[in-house]
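# Secondary and tertiary structure notes
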Amino acid sequence: MVKQSTWTEFYEITLHQRLRVDTIFEYRRSIPLSSKVMRSLKPTLTVLTIALGLAASNGQSAKPNVLFIAVDDLNDWVSVFGGHPKAVTPHIDRFAESGAVVFQNAHCAGPVCGPSRSAMLSGFMPSRSGIYGNSNNMRDAALVNEHATLPEYFSKNGYYSLSMGKIFHKHDAAQGRDEGQWAFDRHEATKGGSPVDKTRFTSRIQNIIEGRPGPPSEHTGAIGTEFAWGPTIDRKEETKDYRTAQWAAQQLQESYEKPFFMAIGISRPHLPFYVPQEFFDLYDPKGEYMPPYKPDDLEDILTPSGKQKFKAHTDYLWLKQNDLLDEAARAYLAASSYADACLGVIFEGLKRSPHYDNTIVVVWGDHGWHLGEKLKYRKGTGWSESTRIPLLVRLPDMTDR
Ligand SMILES: [Ca+2]
Ligand SMILES: [Ca+2]
């Protein structure tokens, strides 16, 4: 993981310039824009808040429902985003074909969970809220506190809000775990886990390869979440995200007195990549999955005093030492395909529900993910591997894309 100060510095230089401050949009201003204008707008925050702002502020006709789905750490390795030629994501692809606008140049407001989600949910860029890192709780920011978050804004405007899965970034708080439950009329705790088959898993921190000790390595120290993958013991139907998706599909069959804002969080492909074997089986174990990268790519990034600014990431060094670069990329692809299958359960639920024709659907990933590009794994950089996100919005009656 790049140190906080490093990514903040990167953010200031790169991202801040790209997402100009004057494009900041607050929920309470509703700007009616045509779909053509929407398509041309790049800053994610703006686009999304316009789509959702229209939903909450439309007083004349029946207000549409909103189904808001966040996928944790899903980068552009989704077929319709073209980030990886071998990605198997049929459900997101079908959703795109069903009339969604696919935002090909969407970037997060901050390339880790907390800042990205806080910006999306508060409507304020990190440069205004001060939420630059995962340790910052958006509730401590005065500016955020003075305004309703996205779910609260819907509740205040005649909506019933309900949620399951990760939407807000989690924080330990005095009264227990703060996962944004206060923002919803109904907040359901997730159920089930995804324990891995310990006889077959691979872990850098523990130096385990396919359930067995790896050769001695200098690259096994802990950095953030365990870099590990393997098949779950449980079958798909018992895993956490799948159960969350099933819950969402069930809730979609209900009738509601008010229009609903339903926020569903899918936790894969966030590390560890523990998903049912069937998703690994989508990818040939002998296939090549490592994205193109240059082994000397960091040598031309220097500090003012002429020293090399960044070193190869520990994850990269361990994977390279053990010839696991392709296997790690395959595991991320498998985890993304599992997330896609969970989205499929939600999409199917919506399709057979009474709400299909009156529901705006938003699908987004909170930031990108490096898989070896720039000799880097994970997130938190100003490079597009970290900042580009999948974002799709489908408005039920929109015919002009
Ligand atoms: Ca994330
Ligand atoms: Ca370079």
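Everything discussed here concerns the structure shown above.
Described below are features of the structure shown in this document. (Residues numbered from 1 in each chain as written. Chains lettered and ligands numbered in written order. Predicted model: local features only at pLDDT ≥ 70, side-chain atom pairs only at ≥ 80, totals over all residues.)

### A short note on the overall build of the protein
A count of helical and extended segments in the protein gives 13 helices and 16 strands. Nonlocal contacts in the protein, meaning residues at least 24 apart in sequence, comprise 72% of its contacts between residues at least 6 apart. (Helix = DSSP H or I, 4+ residues; strand = E, 2+ residues; numbered from the N terminus. Contact = placed C-beta atoms within 7 Å.)

### Topic: the environment of Gly83
Considering the arrangement of structural elements, one finds Gly83 in the loop between strand S1 (65-71) and helix H4 (90-97). Judged by the 21 C-beta atoms lying within 10 Å of it, Gly83 falls in the buried class. (Buried ≥ 20, exposed ≤ 12 C-beta atoms within 10 Å, placed from the backbone.)

### Observations concerning the pairing of strand S11 (residues 260-266)
When you tally the buried positions in S11, you get seven out of seven residues, the bulk of the element. Going residue by residue along S11, you find Phe260, Met262, Ile264 and Ile266 tucked away on one face and Phe261, Ala263 and Gly265 tucked away on the opposite face as well. Sheet topology note: the strand S3 (residues 160-164)/S11 ladder contains five bridges and is parallel. Across the sheet, Met164 pairs through a bridge with Ile264, a residue of S11. (Pairing = 2+ DSSP bridges.)

### What to know about helix H5 (residues 113-122)
Counting buried positions along H5 yields 10 of 10 residues, so the element is predominantly enclosed. Taken together, the buried positions of H5 are occupied by Cys113, Gly114, Pro115, Ser116, Arg117, Ser118, Ala119, Met120, Leu121 and Ser122. A positive phi of about 85 degrees marks Gly123, the residue just after H5.

### Re the pairing of strand S16 (residues 391-394)
Residue alternation in S16 divides its side chains into two sets, Leu391 and Val393 and Leu392 and Arg394, and both sets are buried. Alignment of strand S2 (residues 101-102) against S16, held across two bridges, turns out to be antiparallel. Among the inter-strand pairings, Val102 is bridged to a residue of S16, identified as Leu392. Across four bridges, strand S13 (residues 359-365) lies against S16 in antiparallel orientation. Bridging across to S16, Val362 finds its partner in Val393.

### Structural notes on the sheet that holds S11
Taken in spatial order, the seven strands line up as S2-S16-S13-S1-S11-S3-S6 in an open sheet, and their pairing is mixed. Strands at the two margins of the open sheet, each flanked by one partner only, are S2 and strand S6 (186-188). Pairing between S3 and S6: three bridges, direction parallel. Looking across to S6, one finds that Leu162 is bridged to Arg186.

### Quick look at the nonpolar core
One recurring pattern in soluble globular proteins: nonpolar side chains tend to sit buried together. Among the nonpolar cores identified, the biggest contains 96 residues, and Ile69, Ala334 and Ile346 are the most heavily contacted of them. The element contributing the most residues to this core is helix H12 (residues 325-351), with 16 residues. Those residues in contact with Ile69 that lie beyond four places of it in its chain are Ile264, Ile266, Leu343, Ile346, Val362 and Val363. (Core = buried A, V, L, I, M, F, W, Y, C linked by C-beta atoms within 7 Å.)

### Re the packing of helix H9 (residues 240-252) against H12
As a packed pair, H9 and H12 sit with axes 8 Å apart at the nearest point and diverge in direction by 10 degrees. Our classification of the angle between H9 and H12 gives roughly parallel. Here Asp241, Tyr242, Ala245, Gln246, Ala248, Ala249 and Leu252 of H9 lie close against H12, whose contacting residues are Ala339, Cys342, Val345, Ile346, Glu348, Gly349 and Leu350. (Axes fitted to C-alpha atoms, helices over the stretch in contact; angles between N-to-C directions. Parallel < 35°, antiparallel > 145°, perpendicular 65-115°, else oblique.)

### Here we look at the packing of H4 against H12
The geometry of H4 relative to H12 is characterised by a closest axis approach of 7 Å and an angle of 45 degrees between their N-to-C directions. When the axis of H4 is compared with that of H12, the two are oblique. Across from Pro90, His91, Ile92 and Phe95 in H4, the residues of H12 making contact are Asp340, Ala341, Leu343, Gly344 and Phe347. Classifying every residue of the contact of H4 with H12 by side-chain character gives six nonpolar, two polar and one charged. (Nonpolar A, V, L, I, M, F, W, Y, C, P; charged D, E, K, R; others polar.)

### Some remarks on the environment of Asp73
Structurally, Asp73 can be placed in the loop between S1 and H4. The spatial distance from the C-alpha of Asp73 to the C-alpha of Pro111 is 9.7 Å, given a sequence separation of 38 residues. When neighbours within four sequence positions are excluded, Asp73 is seen to be in contact with Pro269, His270, Trp369 and Lys379.

### A short note on unusual backbone geometry
Pro269 follows Arg268 through a cis peptide bond whose omega is 15 degrees. That bond from Leu271 to Pro272 is cis: its omega, -15 degrees, falls within 30 degrees of zero. Structurally, the position occupied by Pro272 is in the loop between S11 and strand S12 (273-275). Its identity as a non-glycine residue notwithstanding, Leu375 has a phi of 55 degrees, on the positive side. Position of Leu375 among the secondary structure elements: in the loop between strand S14 (370-371) and strand S15 (377-378).

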